[in-house]
Amino acid sequence: MADNKSPIGIFDSGVGGLTVASAVKQLLPLESIVYFGDTAHLPYGDKSPEAILYYSKRITDFLLGHDCKVILAACNTVSATIWDELCRYTVSNAIPVNVIDPVVSSISQQYPGSSFGIIGTKNTISSGAYPEKIQRLIPGAKVSSMATPLLAPMIEEGFVDDDVSNAIIRTYLSDDRLKGTETLILGCTHYPIIRNQIIKYFDYKVNVVDSAMIVASHLRGILESKKLISNSPGNEDRFFVSDYTDYFGQIAEKFFKKQIVLKRVDLWR
Ligand code: DGL
């Protein structure tokens, strides 16, 4: 049975969840992390819910096999499409945490009268999860959302802070659907990696919200309330991928500021 010494399991289709994992590490430095990037199957943003559920269940089994006390789906696509099924699957073995509910709760307190724009994968946007949850907390809120499916693969390929990514970001963000946005929610955990480019596009005039710190602080609250906080340094963090990619190791080292040993595991054999 997991206890306060057990690691926190975090997964995403690729590097995006590292944005959340590194915030967790900053806020909870004594916790150890087991991270799984499903690089063999990314992007999740245009896969069927059945496929996403199938991948997520295997990854959850893997993380539970590492005795994780929390299964943190650091992926909006998972959080928006198959969350209830995954919770039923995880329940009683570990605490399931998603990345959408903490963000919606935070923005409803911080920016209650704002006009919201949301960008994310095709699946996240077509699920309608964000507008529905925002309007539940802020009835009548103005919410406009738009899929930006090229952004996650672009980031996975390392196109960041360059002309290619600036051109793609400009093309998406100039869309009429985002006109009048006062608070832009980065509804994909990959997007904080291009956060500065997005902020600059809007000339620093739009609040840009991402899930990393919000989710990390939500997680800290859960661990505190359940007395599951680690009070001494745990094992080394471990990083697994389903396929090696050029960029994963580089970005993981950038986020964690240390050498990362990446292990490839095939959960689908
Ligand atoms: N980082 C993910 C998300 O938050 C997944 C992106 C993808 O694989 O399409 O939605």
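Structure first, text after, so check above.
Cut-offs applied
Along each chain, numbering runs from 1 in the same order as the chain's sequence is written. This being a predicted model, a pLDDT of at least 70 is required before a residue's local features are given, and a value of 80 or more before pairs of side-chain atoms are given or counted; all residues contribute to the totals for chains, interfaces and linings. Excluded from the side-chain calculation are hydrogens and water; included are all heavy atoms of the structure. A pair of strands is treated as paired once DSSP finds two or more bridges between them. What counts as a helix is a DSSP run of H or I of at least four residues, what counts as a strand is a run of E of at least two, and both are numbered from the N terminus. To get an axis, a line is fitted to the C-alpha atoms, and for a helix only the part in contact is used. The angle between two axes follows their N-to-C directions and goes from 0 to 180 degrees. Think of a nonpolar core as a cluster: buried Ala, Val, Leu, Ile, Met, Phe, Trp, Tyr and Cys residues, connected wherever their side-chain atoms sit within 4.5 Å. A simple rule labels every residue: compare its accessible area, found with a 1.4 Å probe on the protein chains alone, to the largest value its type can have, and call it buried under 20%, exposed over 50%, or partly exposed in between. We call a residue near a given molecule or strand whenever any one of its heavy atoms falls within 4 Å of it. Whenever two N or O atoms come within 3.5 Å, that pair is a polar contact, provided that in protein one can donate a hydrogen and the other can accept it, and provided that, for residues adjacent in sequence, both atoms are side-chain atoms. Only the protein chains shown count as cover for residues, with accessible areas throughout obtained via the Shrake-Rupley method and a probe of 1.4 Å. Three classes are used, and their members are as follows: Ala, Val, Leu, Ile, Met, Phe, Trp, Tyr, Cys and Pro are nonpolar, Asp, Glu, Lys and Arg are charged, and the others, Gly among them, are polar.

A.B. asks: Just give me the short version of the sheet that holds strand β2 (residues 33-37), but keep the residues and values in it.
C.D. replies: With parallel pairing, the 6 strands of this open sheet are ordered in space as β4-β3-β1-β2-β9-β10. Of all the strands in the sheet, the pair left with one neighbour each is β4 (95-97) and β10 (262-264). Going from strand to strand, the sheet's axes swing by 20° on average, the running direction of each strand aside.

A.B. asks: Please provide a residue-by-residue account of the nonpolar core, values included.
C.D. replies: The biggest cluster of nonpolar side chains holds 56 residues, and the ones touching the most others in it are V24, L72 and I198. Among the elements that take part in this core, helix α11 (residues 211-225) stands out by supplying 6 residues, more than any other. Y55, F62, C87 and A94 belong to the second largest nonpolar core, which has 24 residues in total.

A.B. asks: Kindly report on unusual backbone geometry, identifying the contributing residues and their values.
C.D. replies: Residue P43 is reached from L42 by a cis peptide bond, and omega for that bond is -5°. By the secondary structure assignment, P43 is in the loop between β2 and α2 (49-65). With phi around 55°, D161 is a residue other than glycine that occupies positive phi space. Mapped onto the fold, D161 is located in the loop between α8 (151-156) and α9 (163-173). The phi dihedral of Y204 falls on the positive side, at around 65°, and the residue is not glycine.

A.B. asks: How would you summarise the sheet that holds strand β8 (residues 207-209) if you had to cite specific residues and measurements?
C.D. replies: Pairing within the open sheet is parallel, and its 4 strands lie in the order β6-β5-β7-β8. The outermost strands of the open sheet, each flanked by one partner alone, are β6 (142-147) and β8. Taken pair by pair, the neighbouring strands of this sheet meet at an average axis angle of 20°, ignoring direction. Of the pairings in the sheet, the one linking strand β5 (residues 115-120) to β6 comprises 6 bridges and is parallel in character. Within β6, the position partnered with I119 by the bridge is M146.

A.B. asks: Break down the site of the ligand for me, with residues and values.
C.D. replies: S13, Y44, N76, T77 and H190 are the nearest of the 13 residues found near the ligand. D12 has a polar side-chain atom sitting 3.0 Å from a nitrogen atom of the ligand. Take N76: an N or O atom from its main chain is 2.8 Å from an oxygen atom of the ligand. The fraction of the free accessible surface of the ligand (300 Å²) that becomes covered by protein chains is 99%. Classifying every residue of the shell around the ligand by side-chain character gives 5 nonpolar, 7 polar and 1 charged.

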